[in-house]
Each structure stands twice: as structure tokens, then as C-alpha cells.
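Summary of the model geometry
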Amino acid sequence: MSPTSETAHGGRRLVIVESPAKAKTIKGYLGPGYVVEASVGHIRDLPNGAAEVPEKYTGEVRRLGVDVEHDFQPIYVVNADKKAQVRKLKELLAESDELYLATDEDREGEAIAWHLQEVLKPKVPVHRMVFHEITKDAIRAAVANPRELNTRMVDAQETRRILDRLYGYEVSPVLWKKVMRGLSAGRVQSVATRLVVERERERIAFRSAEYWDLTGTFSTGRAGDASDPSSLVARLNAVDGRRVAQGRDFGPDGRLKSDQVLHLDEANARALAIALENASFSVRSVESKPYRRSPYAPFRTTTLQQEASRKLGFGAKSTMQVAQKLYENGFITYMRTDSTTLSDTAVSAARAQVTQLYGAGYLPDKPRTYAGKVKNAQEAHEAIRPSGDRFRTPAETGLTGDQFKLYELIWKRTVASQMKDAVGNSVTVKIGGRSSDGRDAEFSASGKTITFHGFMKAYVEGADDPNAELDDRERRLPQVAEGDALSAEEISVDGHATKPPARYTEASLVKELEEREIGRPSTYASIIGTILDRGYVFKKGTALVPSFLSFAVVNLLETHFGRLVDYDFTAKMEDDLDRIAQGEAQAVPWLRRFYFGEGDDHNAGVASGAGNGDGDHLGGLKELVTDLGAIDAREISSFPVGDGIMLRVGRYGPYVERGEKDEEGHQRADVPEDLAPDELTVEYAEELLAKPSGDFELGADPESGHQIVAKDGRYGPYVTEILPDGTPKTGKNAVKPRTASLFKSMSLDTVTLADALKLMSLPRVVGTDAEGVEITAQNGRYGPYLKKGTDSRSLENEDQLFDITLEEALAIYAQPKQRGRAAAKPPLKELGTDPVSERPVVVKDGRFGPYVTDGETNATLRTDDSVETITPERGYELLAEKRAKGPAKKTAKKAAKKAPAKKAPAKKATTAKKAAAKTTTAKTAAKKTTAKKTAAKSSAASAKSDE
């Protein structure tokens, strides 16, 4: 029955979705008789603290928000910021005859629907409405074919939520006590952090090996063309039948893995090249094999994140935010999916476009199907594809910017998945010659030709390694036969050095987590976001670099909570949670086993769950966090650098130290927090120790009581205050310590408490002008300046910051603003040094809004970014994305502007017309701003995380 026919009989139906953007789109498809409202994400969750727990609960229940003594009963509370929305939903429900719960069709969406039902307590019929694309036909079909709530999915999600609460609330306080306040641990985030730390350990332990080989350019002696070149380049493969060592033959210790290969050093390589100068060469063998490459499967969540990172430079979080908008506005199917399956309708649409755009010759006889590769995939969704039964080409969508780019990527991949294989030939040619000293040298060259590009006409997958050869790359070799004589045009000597394993990027970390079956693919973006936000990992370009803080955290977890960060154990937990979702295991016995342990009375008779399967007694989480006496806080935060120097992670950050504090000759120096751990060599540590450094305690602020210290940072000496334990460092109530750079005339060993308090009093309000606009004196990275609204004026010296009067400031503003030689407008925010350009990055206010710049590249802040919240890592990411795009192309409109067109003299517009034009422009701008804000709220509201 269609929605229209249902509503014809009267009645009002309330449809609740998760985001306002989705509500707006769906409302247009359902028409009158339906009220579509958003829950704006979760409306109810576990309490964030004891203050939110109802008074009837006491003890551990108030701390955990879970009653572990009574079957792990969760205590749910309506989120404070959702109470108004809940009231609105209840009012709408009171005026409705039916309720449709139309949240997303996955575990978390099912849980939101259940919470809505529990909180709203509807007295009218309730239907679960599910869909995986937002099109008119899909929405109407969902209304006509509702189902019941899936309680197994709800239970599975609830178990995950309880497990993650117990893990986080029990382990995080250990980190607060033994490492630093404000840290967090999580079932997947801690394992992801361990992966990044382990890779850095490998880089630190790595020892590079040098090896040499030869490259020969050989000529056939005939004229060539594009299809049959006259020469080829081949690399030395063997000498006297012994294979020449390449990078893969060396271990991480810099030694050869086998003595069966020949390790050429520079001297031997040069001697061999000289001995081969007049050698005669001939083709020894030509091996040709057919080449065939099949299309890649349509996107699922993780492969979309990986490709968007490789091709577009998007982070996992940015990819999901853009995909969310595309989904909510009806352009693509649901973007959180483990499936690579396409519906019959989608296959037909893709095949139709293959024929239309590329011709029947590119269409296989039968539709292609793709088997799922993800274990225990939770959704019955399709792969991520363009929505509808006819795919819109990117040009037809009207999309722009990031949404256009991501849609184009999805569209190309989907269409390509229904195209023919690429075919061709791969060829290996071996060339031999004998040197003047009697040694036999064999060179080898490989080529590939593609005779039919097939799906590659539409799409070629990217690679994590920037030096990797993509699938569509051809290498044509001359047409030669065994025995053909060749002449050596050049024999060059090449030196190489082995490289440490590459750091993870967001794309490769997502791939690693998925291959190890750790966590759920739908939550990887939020996991990476968490470890970046917590300061466990930071970015250098696209590489994920662990902080020294993460080394201390992982060291503690590995040493005292090894099972909780064990890769196999974490993957097995995921299996167990999936078994609960499938009804093969029960949640409460499993949670008892995890929390209280195998041998506890609470767990008598439980035969399955969170164990390691080796038959040994396994203590539960509660037992692990009870005995903290064995954890030596100093030991787990100390790492040897060499030559008696230790790296320590202290309360105020990392530092290097030689000797003990009370010993003679003791040295200590702060380490830049954004220094990559593998860059902390003995030599660099010695440089740091040679500088005056450390935390110079200056005394307590008489007003606040906070200790004031002077420190040497990456951008010079500064003073800051130490906030008391328990001060929130993240979230809405976060408190940032006052910080100020020292004046050029000051130094760490001479600055006083009075100096520090004076510096931290900046910016200083000088006064207000005649119009009431405030004028302040501020100190920036580029020197002292005055600021009035958006108008900034440089000051001659730093002392003026405290001495300048209002009259003097007004006199400066009365003068015309100097151009050219005048100092540039001070930045809105300073972010640090870009890891790629190695130039300072700042946030500036431009004609089209705030943007980040390193002086060479500019990148406008996105809708979800703000000057107040943008991090250095996010700034570097925006610049990296802008560089990847290359210089902006001139549009047709811009080109047209340059060519003056001849026009008839225009009549002057009346004052009324001008005023009307201005009003229209202002209204349009206001509407665009409102739309952007709504979209940002919608995207934020529907962001999801299982861990």
C-alpha cells in the first residue's frame, strides 16, 4: 500500500529518523499525513558521571553506570542536551496515530530505535521502517513494508556498550594514576595505538643496509616507435649464476637473510661496470605470459576510506562526513556497510551505463557478483553505490567540492565493477654478457602491455605506497627473440639503502585493523579520530606518528594488561560479540566471565566467552585493575636512548635525563612533543641536554594558587600555569592553561614570577574607541600589535604592550594603515611547523573566511572546522589535501572575464533597484549560512562509534 493511499483514510503518522538533513529529504517523499522529525542521534545513553545517576543507585553503580552485581543491568539516562528534543517528540507522538522508527539499519540504529520506544512509551502502533537509500521509491517501499524491532541486534549493541564502558571506566583511571590525568583506554583504540607504537619501535630498531647494483640500457640497433621501442632498460639480476642482493634480502638488523645471494658493495659494482664496458650482450630468454586483471569489488566502508585517502587525500573521518551528506541527500546508499553485494536493480543500472558510456564491447555477458570478505558482516546492506535505479553521472548531480569528488569515486568504482576484465601480456627478457675478467652477468627486464583496458577505462585503484606501480601502467619492451644481439648503450652503477617499515597512514591502519579482524569497520573512522584527539598519535603529512605519551601508555598496558591489548584476544572478543548477536551465546554469562574472571563464583558453570582457550586460570578485568601496587609509574614511562640518557614521559610532557635528580652532573631537557620517536637519537638528545632547559618553577600565582613554570618549547621559551588534577582537558568544559611566550629580552634562567604573571595577563584591554569597539594589545609570533575588531596595527616594541595608553592607541588608528612594508595582519591562530614544507602554519582571516596557510599553500577551513577547535594535525591535513589537488584551474568564467566584451552603455540603476539587489544578496547569503549550519549539525548528530 502506498503512503498516499494510507493517508487517504485519515490519521497522522510520526516518522523519526536520526538527523535533520535526512528528515528534510524524507519528508519531501512522504507528503501530507506524515510528520518527519529527527532524534538528532542518540537520545539516551549510559551516564557520563555519578551526578547523572539517579539517587536510588549507590556504590559502584554510580561510578560505572552499570550494575555489575545484578546481571550487568545498564543505567540509562536521557542526555541533557536531548531533553528538549524528547519533549518535542512526545508532543508530536501525542498527536499521531502511528509511529515509524526509521533509524539506520545497523546495530546502533536498531539500538536508537529501541531507546526511542522505551523513552517515548508510545500507545499507538509502532513500526520499524528500514531502508538503505533515500529515494522516493525506497522510502515508500519502506513505509509499506515495516518490520518489528530486532531485539538480538539491540542486545548485541547493548553488550558492546556495556563492555566498552567497563573497559574504559576501569582501565582509564589506572592511566590517570600511573601516567597522566585525562588519558583514556578503549577496547579498540588501545589496540590501534599499540599497532602504531609497534611500527615505530620497528623503525627505531631498524638498521639500514647499503647495497649496489647495475642498470644497463640496451639497444636493438633498429629504429623504434611507441609500440616497438628500440631499446630497453634492464637491471643486473645475477653474477656467475648467483643472484644479486636487493632490499628484500636484508633483515631489519641490516644483515643478509641468506648467504646464497651476492652482496655488491660500491667498489665491486664499479669494477664490474668497467669490466662490462666492451662486453657483447645477447637475449638469453623471452618469457611471455597472458595478463588478466578483474575489476575491483564495489566499495564497502573500509575500502572507501582507503581509496578516498589515497586518491583524494581525505582522512577517514572526513570521508565518512562527506559520505553521510551524500547519503542523507539521496545520492548514495548507506555508507556503513561490510557488504560488496549489489542489488539486481543496481547491477542493471551499472550495466546500462557501461553500454551507454563505453559501448557493448566493455560489457561482460553475465552480471558480476562479489562475495563478501568481511567475517561476521553485521549488515544486510548493499555495497556503497549511487542511489536509484538509474545512476546519475557526476555531471548530472549538481554536486561541488568534496561531495562531487567522493560521489565520482563511488560512481566510477560501481560502474567499473560491472565491466570486462583488462587483458594483455607480461614479458620478461633476460640478457647475458661476459665481462673482461671472465664473469658472467645477467640482466633482467620486465614489461607489460594492455591490449584491452576493460574496466580500467573507468577506474584504477590507488596504492598506499606512493612509489608503487598502478594496474594500468604499461611498460613496453622491444620485440626481441632468444639469441638476438644487443649493444650496451650505458652501464650505470646504482647505490641503494634499505628503508625502515613505513608508518601507518589512516588508509593502511584501517586495512590492518580489518585484516586482523579487530573492531568493526563502521567504527574505524571514530577510532582513528579518538587516538588523534587524545594525543596518542599525530600526523606528519599523511603518516600516523605515535607520541612519546603513547609509548608509556602502551608499555603499561602490555606489561600489566597484556590480554586486553593482545591482537588475537581482541579479535576473539569480536567473534564472541558476533555470536551473541546471532543468538549463539548469552550476553550476561559472557560479561561475567570478562569482568569477574573464570575462577570467580559469579561465573560458575560458564563454558564460553572471553577466555584464551589454553585452559589456564584467567583473572577478570576487576582483578586486573585492583592490584596496582606492582605498577612502577617511573619504570613504565622510562625508555633508554643510549650513553646513559633516558627518555621519560612526565606529568608535563616528555624529557630526556642523564643521571638521577639528586646526583652531581644531573642533566635534564624537555623534548618537543611533536618529535617523532625514531628521530630521538643519542646525538639529538645530547644537543637538547646542552641547552638550558627543563621546567623552571617560578612560584604560585597569588590569585589562583596555580604553580607557574617556565619551559623551553619547540617555538622558544614560554611560561605556563599547572592546572590542578581533575581539571577537564577535553570536551565542552575543557580548561586550557594560560600560556605566554617570553619577550626577546628575557631568558629561562632570568625570568621571574612577576614577569610570568605580567606576560600571562595579555592580551590587555587598552580601552574602547568612540563607537565602543574594544582595542587590545597582544603579543603574536610576529611581534606585538594592537587589535580593534579585524583591524590590527603593529607596535614598535614589546614594552608598549603594557605601557601604551588609549590616546596613543587611538592616534595610531587615526593614521592611514600602511601597506606593503607594514606588517601583515596577525594570524587568528598559530598551529606549528608543517611537516612537509617545514614552514610555520597559521590560521588567517581571508576574504572568504578563515584559512590555513604555510606561506606557500592556502586551504580554506571546511564547514565542520572552526578557528577555536582546529588542531595542528587538521591544519596540516587540509594543506596536504590542497597540495594534492594541484594549482587551481582557470574556469571558463574567469577566462571570459579577462576578455573585455563590447556592450551598449547601460542605464544607471535607480537607488531603489540597488537597494533591492543588496537585500536579495544578503538574504541569499543568510540562507546559505543557515543551510551550512544545518548540514554541519546533521552530520555531527549522525556520527557513530561502537568503541
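The rules behind each value
- Residues numbered from 1 in each chain as written.
- Predicted model: local features only at pLDDT ≥ 70, side-chain atom pairs only at ≥ 80, totals over all residues.
- Heavy atoms only, no water.
- Pairing = 2+ DSSP bridges.
- Helix = DSSP H or I, 4+ residues; strand = E, 2+ residues; numbered from the N terminus.
- Axes fitted to C-alpha atoms, helices over the stretch in contact; angles between N-to-C directions.
- Contact = heavy atoms within 4.5 Å.
- Salt bridge = Lys/Arg side-chain N within 4 Å of Asp/Glu carboxyl O.
- Buried < 20%, exposed > 50% of the residue type's maximum accessible area, 1.4 Å probe, protein only.
- 1 Å grid on protein atoms, 1.4 Å probe; cavity = no way out; pocket = protein on both sides within 12 Å on 5 of 7 lines; lining within 4 Å.
- Points joined across faces, edges and corners; volume = space filled by probe spheres on them.
- Right-handed = clockwise from strand over helix to strand, strands pointing away.
- Core = buried A, V, L, I, M, F, W, Y, C linked by side-chain atoms within 4.5 Å.
- Expected span 1.5 Å × (residues − 1).
- Arc of directions from axis to C-beta.
- Phe/Tyr/Trp six-rings, centres within 6.5 Å; stacked < 30°, edge-to-face > 60°.
- Parallel < 35°, antiparallel > 145°, perpendicular 65-115°, else oblique.
- Left-handed = near helix turned anticlockwise from the far one by under 90°.
- Nonpolar A, V, L, I, M, F, W, Y, C, P; charged D, E, K, R; others polar.
- pLDDT = per-residue confidence, 0-100.
- Polar contact = N/O pair within 3.5 Å; in protein donor to acceptor, adjacent residues only side chain to side chain.

Some details on the sheet that holds strand β29 (residues 791–794)
Pairing is antiparallel across the open sheet formed by 4 strands, whose spatial order is β26-β27-β28-β29. This sheet does not close on itself; its edge strands, each paired only once, are β26 (764–768) and β29. Taken over all neighbouring pairs, the strand axes of this sheet differ in orientation by 25° on average, direction set aside. Packed on one face of the sheet, helix α25 (residues 806–814) meets β26, β27 (774–780), β28 (783–788) and β29 and runs near 85° to β28.

Comments concerning the pattern of salt bridges
With the rule as written, the count across this model stands at 59 salt bridges. Between Glu 198 and Arg 194 there is a salt bridge, with the nearest N and O atoms lying 3.1 Å from each other. Of this pair, Glu 198 and Arg 194 both sit in helix α8 (residues 189–205), 4 residues apart, which is roughly one turn of the helix. Judged by its relative accessible area of 15%, Arg 194 is buried. Within the structure, one salt-bridge network assembled from shared partners comprises Arg 107, Arg 160, Asp 164, Arg 187, Asp 338, Arg 520, Glu 574 and Asp 578.

Regarding helix α16 (residues 524–533)
Of all 10 residues in α16, 7 are buried; the element is thus mostly enclosed. When α16 is considered as a whole, its buried residues turn out to be Tyr 524, Ala 525, Ile 527, Ile 528, Gly 529, Ile 531 and Leu 532. Residues of α16 that are buried make contact with α8, α10 (301–312), α11 (316–328), α15 (506–515), β16 (537–540) and β17 (543–546). Immediately beyond the C-terminal end of α16, within one or two residues, lies Gly 535, with a positive phi of roughly 85°.

Details of unusual backbone geometry
Residues Leu 762 and Pro 763 are joined by a peptide bond in cis, for which omega reads 0°. Locating Pro 763 in the fold gives a position in the loop between α23 (753–759) and β26. Even without being a glycine, Val 40 presents a positive backbone phi close to 60°. Assignment of secondary structure puts Val 40 in the loop between β2 (34–38) and β3 (44–45). The class of Val 40 is partly exposed, set by a relative accessible area of 25%. The phi dihedral of Asp 643 falls on the positive side, at around 55°, and the residue is not glycine.

Quick look at the environment of Leu 276
Considering the arrangement of structural elements, one finds Leu 276 in the loop between α9 (266–275) and β12 (281–293). Along the sequence, Leu 276 and Asp 440 sit 164 residues apart, while their C-alpha atoms lie 9.6 Å from each other. Setting aside residues up to four positions removed in sequence, Leu 276 forms contacts with Leu 214, Phe 281, Arg 434, Ser 435, Ala 441 and Phe 443.

Re empty space enclosed by the protein
Counting across every chain of the model gives 2 cavities of 30 Å³ or more. Quantified by volume, the second largest cavity comes out at close to 40 Å³. In terms of lining, the second largest cavity is formed by Ser 184, Ala 185, Gln 189, Ser 190, Thr 193, Tyr 536, Val 553, Val 554 and Leu 557. Looking at the lining of the second largest cavity, the elements that each hand over two or more residues are α8 and α17 (548–560).

As for the pairing of β2
Burial analysis of β2 places 5 of its 5 residues in the buried class, the great majority of the element. In β2, alternate side chains face the same way, and those of Tyr 34, Val 36 and Ala 38 on one face and Val 35 and Glu 37 on the other are all buried. Where strand β1 (residues 13–17) and β2 come together, 5 bridges link them in parallel fashion. Opposite Ile 16, over in β2, you have Glu 37 as the bridge partner. In terms of handedness, the path from β1 via helix α2 (residues 20–30) over to β2 forms a crossover that is right-handed.

Here we look at the sheet that holds strand β8 (residues 126–128)
Pairing is parallel across the open sheet formed by 4 strands, whose spatial order is β2-β1-β7-β8. Because the sheet does not close on itself, it has two edges, and the strands there are β2 and β8. When the angles between neighbouring strand axes are averaged without regard to direction, this sheet yields 20°. Two elements, β1 and strand β7 (residues 98–101), share 4 bridges in a ladder whose sense is parallel. When the bridges of β7 are listed, Leu 14 appears paired with Leu 99. Packed on one face of the sheet, α2 meets β1 and β2 and runs near 170° to β2.

Examining the nonpolar core
Core analysis: the biggest nonpolar cluster contains 136 residues, and Ile 332, Leu 406 and Val 656 have the highest contact counts within it. Beyond its immediate stretch of four places on either side in the chain, Leu 406 contacts Leu 304, Ala 308, Leu 312, Thr 319, Val 322, Ala 323 and Leu 326. The next biggest cluster of nonpolar side chains, apart from the first, holds 26 residues, and it includes Leu 214, Val 244, Ala 279 and Phe 281.

Quick look at helix α4 (residues 83–94)
With 12 residues, α4 should reach 16 Å at 1.5 Å per residue; the first-to-last C-alpha distance of 17 Å fits that figure. Those residues of α4 that sit buried are Gln 85, Val 86, Leu 89, Leu 92 and Leu 93. One side of α4 carries all its buried residues, which in axial view fall inside an arc of 125°. Turned more than 90 degrees off the buried face of α4, the exposed positions are Arg 87, Glu 91 and Ala 94. Looking at the buried residues of α4, the elements they touch are β1, β2, β6 (77–78), β7 and α5 (107–120).

Let's talk about the packing of aromatic side chains
Within this structure, the stated rule accounts for 19 aromatic pairs. A centroid spacing of 5.3 Å and a plane angle of 70° characterise the contact between Phe 218 and Phe 443, whose relative ring orientation is edge-to-face. Of this pair, Phe 218 sits in strand β9 (residues 210–219) while Phe 443 is found in strand β14 (residues 440–452), placing the two residues 225 residues apart along the sequence. Both residues of the pair, Phe 218 and Phe 443, belong to the buried class. With a centroid separation of 6.0 Å and 90° between ring planes, the pair formed by Phe 551 and Phe 639 is classed as edge-to-face. Note that Phe 551 is positioned in helix α17 and Phe 639 in strand β18 (residues 638–642), a separation of 88 residues in sequence. Residue Phe 551 is classed as buried on the basis of its relative accessible area of 8%.

So, the packing of α10 against α11
Following both chains from N to C, one finds α10 and α11 inclined at 115°, their axes separated by 9 Å at the closest point. When the axes of α10 and α11 are compared, the pair comes out roughly perpendicular. Of the two elements, α10 crosses α11, and the hand of that crossing is right-handed. Contact residues: α10 offers Thr 301, Leu 304, Gln 305 and Ala 308, while α11 offers Ala 316, Thr 319, Met 320 and Ala 323.

Considering the environment of Glu 202
With respect to the helices and strands, Glu 202 occurs in helix α8. Look at Glu 202 and you get partly exposed, because its relative accessible area is 41%. For the pair formed by Glu 202 and Pro 500, sequence separation is 298 residues and the distance between their alpha carbons is 7.5 Å.

Examining the packing of helix α18 (residues 567–581) against helix α19 (residues 587–596)
How two helices sit against one another is set out by the angle between their axes and by the gap between those axes. Following both chains from N to C, one finds α18 and α19 inclined at 160°, their axes separated by 10 Å at the closest point. The pairing of α18 with α19 is recorded here as roughly antiparallel in orientation. By crossing handedness, the relation of α18 to α19 is classed as left-handed. Residues Met 573, Asp 576 and Ile 580 of α18 form the contact with α19, whose participating residues are Ala 587, Trp 590 and Phe 594. Looking at the contact of α18 with α19, its residues break down into 5 nonpolar, no polar and 1 charged.

Details of the confidence of the model for the protein
Mean pLDDT over the protein: 84, with 86% of residues reaching 70 or higher. Every residue in residues 600–617 scores below 50 in pLDDT, and together they form 34 contacts with partners more than four places removed in sequence or on other chains.

Examining the side chain of Asp 701
Turning to its location among the elements, Asp 701 is positioned in the loop between β22 (696–700) and β23 (707–713). In this structure Asp 701 comes out as buried when scored by relative accessible area, which is 7%. Of note is the side chain of Asp 701, whose polar atom sits 3.3 Å from the side chain of Ser 704. In this structure Asp 701 touches His 706, Ile 708, Arg 738 and Leu 757, once residues within four positions along its chain are discounted.

Considering the environment of Glu 808
Take Glu 808: it is sitting in helix α25. Each C-alpha atom of the pair Glu 808 and Val 766 lies 9.8 Å from the other, and the pair is 42 residues apart in sequence. Polar side-chain contacts of Glu 808 include one of 3.0 Å to the backbone nitrogen of Thr 805.

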